[in-house]
Amino acid sequence: MYLVKQNVLLASKTVSTAARCFSTSSASFCLNKPTHQNDLPRPAGIASFMRLPISTIKETKSLDACIVGVPMDTATSNRPGTRFGPREIRTESVMVRPRSNWTGDNPFDHLQVADIGDVRANLYNVQTACDEITEQYREIFDNDCIPVTLGGDHLIAYPIIRAAAKKHGKVALIHVDAHSDTGEHMMGERLAHGTPFRCAWEDGLLDNEKVVQIGLRGTGWSHGDVGWGVEQGWRVVQAEECWHKSLDSLMVEVKEQIGDFPVYLSFDIDAIDPGFCPGTGTPEIGGLTTIQALEIIRGCKGLNLIGCDLVEVSPAYDTSGNTSLTAANLVFEMLCALSGKK
């Protein structure tokens, strides 16, 4: 019987270029590679991200970056279902190939990457879930591995940044979203998917001069829905400022603003217009295009990225699977951006 061994963790992060092999059919290659469709048909195999080898948090010392899921939606305010986001993003990622035809980037030629599965996040207690997430991500950061996270609702960004700050100190933030997520509370509760960046600010985790929010739009209850970040010194780029144009020049400015500072990238899928990505819990019309989403993430290449997330995919509201497929492509672009770290 012909059996492709898809899910075997291979090698360490210390691999020379000369030692790399580029065929998934070879038994001797060193850096982990996605499973090729000619070796195993797309509908087959374990649904890890891009059908990469599976690993664990304990083994992140041997990885440059890891794919990690946080299947949690108990902090949502409208339509639930993001607990199934990580699973569906992985499922749709089978259509993503390892090389960008435009940029030429292939992160798997430069980085040791594996899918380490999902962290534990208590679905019955939000505070406990946040503490569990922080504890597990601290181990990832302590192992000098960069987490690329599949969400999950947007609250998860707060405990992840909390873990990142233990390693790196205050961090810069690029936050792409339809909403500011800077509420003081939701129904009296500090921890909700509309509060993570207010929580991070209150805990002193962010460098206010190096926080950029892109894509904010829609309606709100008060000036503070968008204006609060501006009052803290953050750069806030509303969606209307992005209409009908490329965002390449914006990202040049963002890179100049952030410099070499450790930066966390948090991308809410609802930043993209629901005409492209309807599978989310709090959709807002007038959003970014998928082209602009690519420009933003590709524009992060060269920054000192210490972590990324793609959150708020709620698969049940998009039976086509396009939202999850878009998310999978954007996560791939995040890996490409990591491969360009200075």
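Shown above is the structure to which this text applies.
These numbers were taken from a predicted model, which means no experiment stands behind them.

Engineer: Where do I start with the side chain of Glu333 in this structure?
Structural biologist: Note that Glu333 resides in helix 8 (residues 322-338). Given the relative accessible area of 6%, Glu333 is considered buried. Excluding residues that lie within four positions of it along the chain, Glu333 makes contacts with Leu294, Ile297 and Arg298.

Engineer: I would appreciate a short explanation of the pattern of salt bridges in the present structure.
Structural biologist: Pairing between side chains of opposite charge can happen when the charged atoms of each approach one another. Tallying each qualifying case throughout the model produces 15 salt bridges. With its nearest N and O atoms 2.7 Å apart, the salt bridge here joins Asp73 to Arg83. Of this pair, Asp73 sits in the loop between strand 1 (65-70) and helix 1 (85-92) while Arg83 sits in the loop between strand 1 and helix 1, and the two are 10 residues apart along the sequence. Overall, the relative accessible area of 31% leaves Arg83 in the partly exposed class.

Engineer: In this structure, what is going on with the packing of aromatic side chains? I would like to understand it.
Structural biologist: Note on aromatic pairs: each is described by the distance of the centres and the angle between the planes. Summed over the entire model, instances satisfying the criterion amount to 2 aromatic pairs. Aromatic pair Trp201 and Trp228: ring centres 4.8 Å apart, planes at 85°, arrangement edge-to-face. With Trp201 in helix 4 (residues 196-202) and Trp228 in helix 5 (residues 224-231), this residue pair connects regions lying 27 residues apart in the sequence. In this structure Trp228 comes out as buried when scored by relative accessible area, which is 10%. Every member of this aromatic cluster is reached through a ring pair, and the members are Trp201, Trp228 and Trp234. A cation over an aromatic ring shows up here: Arg79 above the ring of Tyr317, its NZ or CZ 4.2 Å from the ring centre.

Engineer: Explain the packing of helix 2 (residues 126-142) against helix 3 (residues 157-168) to me, please; I cannot follow it from the model alone.
Structural biologist: When two helices pack together, their arrangement is given by the angle between the helix axes and by the axis-to-axis distance. Taken N-terminus to C-terminus, the directions of helix 2 and helix 3 make an angle of 40°; their axes are 8 Å apart at the nearest point. As helix 2 packs across helix 3, the resulting crossing turns out to be right-handed. Across the interface between the two elements, Cys130, Asp131, Ile133, Thr134, Tyr137, Arg138, Phe141 and Asp142 of helix 2 pack against Pro159, Ile160, Arg162, Ala163, Ala164, Lys166, Lys167 and His168 of helix 3. Tallied by class, the residues present in the contact of helix 2 with helix 3 amount to 8 nonpolar, 2 polar and 6 charged.

Engineer: Mind showing me how you'd approach unusual backbone geometry here?
Structural biologist: Most of the time, phi is negative for any residue but glycine, and the peptide bond is trans. The peptide bond linking Gly151 to Gly152 adopts the cis configuration, its omega dihedral lying at 15°. Summarising the element assignment, Gly152 is placed in the loop between strand 3 (146-151) and helix 3. Phi angles above zero are rare outside glycine, and Met50 is one such case at about 55°. Look at Met50 and you get buried, because its relative accessible area is 3%. Phi at Glu312 takes a positive value of approximately 70°, unusual for a residue other than glycine. Within the secondary structure, Glu312 sits in the loop between strand 8 (305-311) and helix 8.

The rules behind the values
Residues numbered from 1 in each chain as written. Predicted model: local features only at pLDDT ≥ 70, side-chain atom pairs only at ≥ 80, totals over all residues. Heavy atoms only, no water. Helix = DSSP H or I, 4+ residues; strand = E, 2+ residues; numbered from the N terminus. Buried < 20%, exposed > 50% of the residue type's maximum accessible area, 1.4 Å probe, protein only. Contact = heavy atoms within 4.5 Å. Salt bridge = Lys/Arg side-chain N within 4 Å of Asp/Glu carboxyl O. Phe/Tyr/Trp six-rings, centres within 6.5 Å; stacked < 30°, edge-to-face > 60°. Lys NZ or Arg CZ within 6 Å of the ring centre and 35° of its normal. Axes fitted to C-alpha atoms, helices over the stretch in contact; angles between N-to-C directions. Left-handed = near helix turned anticlockwise from the far one by under 90°. Nonpolar A, V, L, I, M, F, W, Y, C, P; charged D, E, K, R; others polar.

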